[in-house]
Amino acid sequence: MQRLPGTNRIQVELPGIDNPQRVRKLLSGAAKLEFCEVYEPQEVGPSLDAFSAYLTQQDLKSKVSDLDKKIAANDSTKGNDLAAQLSKTSSDSSSVDSTGLTGAFSRLFIPVQGGFAVRSKDTSAVNRILQSPEVSNLFPSDLSFVYDVKPFMNTTTNEELVSMYMVKDLGNAPLEGDVITNARQDYDPTTGRPDVSMQMNANGARKWRALTGANVGQRVAILLDNYVYSAPNVNQEISGGNSSISGSFTVEEALDLANVLKAGKLPAPTNIIEEAVVGASVGTEAVRAGVISSLVGLLSVLIFVLIYYSRAGWIANIALIVNLILLLGVMASFGATLTLPGIAGMVLSVGMSVDANVLIYERVKEELNEGKSFAEAIKNGFKFAMPSIIDSNVTTLITGIILFIFGTGLVLGFATTLLIGIFTSLFCAIFISRLIFDYYIRKGKTVNFFTAWTDKLFKDTNIDFVTKRKVFYSISAAIIIAGAISIGIRGFGLGVDFKGGRTYVAKFEKTVSTNDVRDAISKGLDGANAEVKTFGGFDQVKITTAYEIDNVVPEVERDIEAKVEAAVANVNGNKGIVVSSSKVGPTIANDTIWSSLKAIFYSLLITGLYIFIRFRSLAFSFGAVVALFHDVLVILGIFSIFNGILPFSLDVDQAFVGAVLTLMGYSMNDTVVVFDRVREYLNDKKKANESLQTVINNALNSTLSRTAVTGIATLLVLLILLIFGGETIRGFIFAMFLGVIVGTYSSLYIAAPIVVDAMQRSLTKERASGLEAAEVAVAGKKK
């Protein structure tokens, strides 16, 4: 359990729970215990009569309205038949049953011993009626209607009923739970059933004695969170402060109640505004998918590095394995839970940690190609790669911190692992690798950084990135415009994080039609709209609905869950079960939207400021921020265009925002490495006579090997996660997979060319102002 920073919310994670309803009940209760006097029906007879008359009147109005519609729809020759129906309706509504109350009343309120009961399915309608001003004014101001905590079955009609009580001074009871000093699960000595024994302090004992003494022969209701647990008749005054709550409890229910009473009353009631329930089978599959993706992803990176860097690849691989061990050790020491998003973050951090090794290795290769000794090449390689390593990791760190601050759930787990991975990967790449290289140097040995096919790869490349920049500007503009049109016409598939609602994942025995499931769900939820999408396979669907999302009553949650389970149990002969569910209330949906927007804004602002401070140039900062905007817009457009086309969810939710922020970090990482080399070349006096376009082209070509190797290693990991990582994170990983491609493209064809344009405009202005100054000086001499 942890408190979410800056909010009045707590997050509770309970692995291994097999009874979600029990957890909801425990969490949503405020443990407000009250002992209230009970109004007997005969005490409020006139109020009940007036209420009965009101119901009769409303019933007649409703039926007359229905008959008016029928009269309008029929010709005048049938008027006599309809008049007879109206006469019958009037007599039926005003008829008196055996209790002395009209039929309109008894249809909703069923007489039981000591009062009334209502059908469980009618409680929402009854609540609306009782809470209306017209009805509440009919009863004493201190009277409140409350339900029994446990429904029962009417054996005659086979309907589920729940008893209703009329209690006095609810919320201002003569005795409350703050006087309870201890509570424990016990057994009723008379019936042998489980009950809860309570002990009160001296003040409570005195009040309890007064309350029971004043109500001998009458009932006193014992309520917890506005539900009646017991309403026994008081036979005599009770002294000593010891009492018990009895009812049709199971041992488990009695234990829960005793624990709640011992914990005491919360200062405010709690509402469950977001929840996620994952079935045991889904959890097992997720863990299996996470382990497989981790192993395969790690193995693919190790093989790739080994193939590309030959013997030096072994050193990089040792550093990567040590990094993984350190990452797991740090997470264990912090008590972090290893979830599927955490596994994804861990595997991705391994893929991205290759970047530091690649930066060092590419620098070492350049030094070796210049004819330097192995020892000097290693020394210079680490030295010259350090600025790029620091800059790229700081930008990724900024993204990770923002994800950690604003993220929850999947995003938070991913951010935690990513942040830890940044530090462990840096340590391993800089120190572990250097220790091994120093060992070889002391032994007088060398390490090969090339294989037969990588020796010439990316060597002496001379791609003109800058001259054709307008072509690539046009390509990017076309993609962004197509995306904007799609967003305007089709919009996005908004996830439940952003719009609020309930989501259920249902698995069927055979391939199922989403239209058939939608019809079944709509019918089961009283005609409510539901969105149904294929999820992970054609025998599995994700169901999203906003039905009763504002209602936080636990019983309503249970009722909706039962309706959904019943709807998917048999869809045209195809049996299905709900394997996981989640709920996001409107409050947290709005908060998620704002936190996501703030996260993106702060990420752009802070990274832009960092680039400006680090490179001391508006041109570099402007190029980096424009490239980030470009990446975000392209990804948004692709998600809108392909939503509903690809066989997995492309919902825009908080996980998507996390992916966008992560790819922004990756893109900035890539861009910063290029900018570092551009800055180095611009400051090189040997290149002083070269044009700006030539300098930047050379810088881009010199970093092309690093860009390609890091991109391929990261894409390998993401591809493995996309295939084996499971449906839960597939949309998230797909966004990142696209982001790596788009980010690599933008660092080469957007960010650097924009720096060229910005610097050329700046130089043009400087020349223009210089010419103006020269003209003024000449004019002054002439005078």
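Residues numbered from 1 in each chain as written. Predicted model: local features only at pLDDT ≥ 70, side-chain atom pairs only at ≥ 80, totals over all residues. Heavy atoms only, no water.

**Q** A description of a nonpolar patch on the surface should follow, citing residues and the corresponding values.
**A** Taken together, the side chains of Phe601, Tyr602, Leu605, Ile606, Leu609, Phe612, Ile613 and Leu618 make up a nonpolar region of the molecular surface, amounting to roughly 780 Å² of accessible area. The topology assignment puts Leu609 in helix H17 (residues 586-615). On the basis of relative accessible area, Leu609 is assigned to the partly exposed category, the value being 45%. (Patch = residues over 30% accessible without salt bridge, like charges linked within 9 Å, V, L, I, M, F, W, Y side chains within 5 Å. Areas by Shrake-Rupley, 256 points an atom, 1.4 Å probe, with all protein chains shown as cover. Salt bridge = Lys/Arg side-chain N within 4 Å of Asp/Glu carboxyl O. Helix = DSSP H or I, 4+ residues; strand = E, 2+ residues; numbered from the N terminus. Buried < 20%, exposed > 50% of the residue type's maximum accessible area, 1.4 Å probe, protein only.)

**Q** Requested: an account of the packing of aromatic side chains, with residues and values cited.
**A** Under the counting rule described, the total for this entry stands at 21 aromatic pairs. Relative to Phe675, the ring of Phe620 has its centre 5.0 Å away and its plane inclined at 75°; by these criteria the two rings are edge-to-face. Of this pair, Phe620 sits in helix H18 (residues 618-642) while Phe675 sits in helix H19 (residues 654-682), placing them 55 residues apart in sequence. What makes Phe675 buried here is its relative accessible area of 1%. Here the basic side chain of Lys168 rests over the ring of Tyr39, its NZ or CZ set 4.8 Å away from the ring centre. (Phe/Tyr/Trp six-rings, centres within 6.5 Å; stacked < 30°, edge-to-face > 60°. Lys NZ or Arg CZ within 6 Å of the ring centre and 35° of its normal.)

**Q** Could you give an account of the pairing of strand E6 (residues 143-148), with specific residues and numbers?
**A** Bridge count for E6 against strand E8 (residues 159-168) is five bridges, and the pairing is antiparallel. Directly across from Tyr147, in E8, lies its bridge partner Met164. Summarising the sheet, E6 and strand E13 (residues 227-230) pair through two bridges and their orientation is parallel. Residue pairing across strands places Tyr147 opposite Tyr227, the latter belonging to E13. (Pairing = 2+ DSSP bridges.)

**Q** Please set out the environment of Asn127 residue by residue, giving values where relevant.
**A** Tracing the sequence through the fold places Asn127 in helix H5 (residues 123-131). Note: C-alpha distance between Asn127 and Phe145 (18 residues apart in sequence) is 8.9 Å.

**Q** Quick one: what's the story with the pattern of salt bridges, residue by residue and with numbers?
**A** Enumeration over the complete set of coordinates arrives at 22 salt bridges. One salt bridge in this structure joins Glu366 and Arg677, with 3.2 Å as the shortest N-O distance. Note that Glu366 is positioned in helix H10 (residues 340-369) and Arg677 in helix H19, a separation of 311 residues in sequence. Judged by relative accessible area, which is 24%, Glu366 ranks as partly exposed. Under the relative-accessibility criterion, Arg677 is labelled buried at 7%. We note a salt bridge from Lys563 to Asp526, for which the minimum N-O separation is 3.4 Å.

**Q** Outline the pairing of E8, supporting the account with residue identities and numerical values.
**A** Most of E8 sits out of view: eight of its 10 residues are buried. Inspection of the sheet shows strand E3 (residues 33-39) paired to E8 by two bridges, in the antiparallel sense. Note on E8: the bridge partner recorded for Tyr39 is Met166. Pairing of strand E5 (residues 115-119) with E8, which is carried by four bridges, proceeds in the antiparallel orientation. Note on E8: the bridge partner recorded for Ala117 is Ser163. Sheet topology note: the strand E7 (residues 152-154)/E8 ladder contains three bridges and is antiparallel. Bridged to Phe152 within E8 is Leu161. The turn linking E7 back onto E8 is made up of four residues, and Asn158 within it adopts a positive phi angle of 60°.

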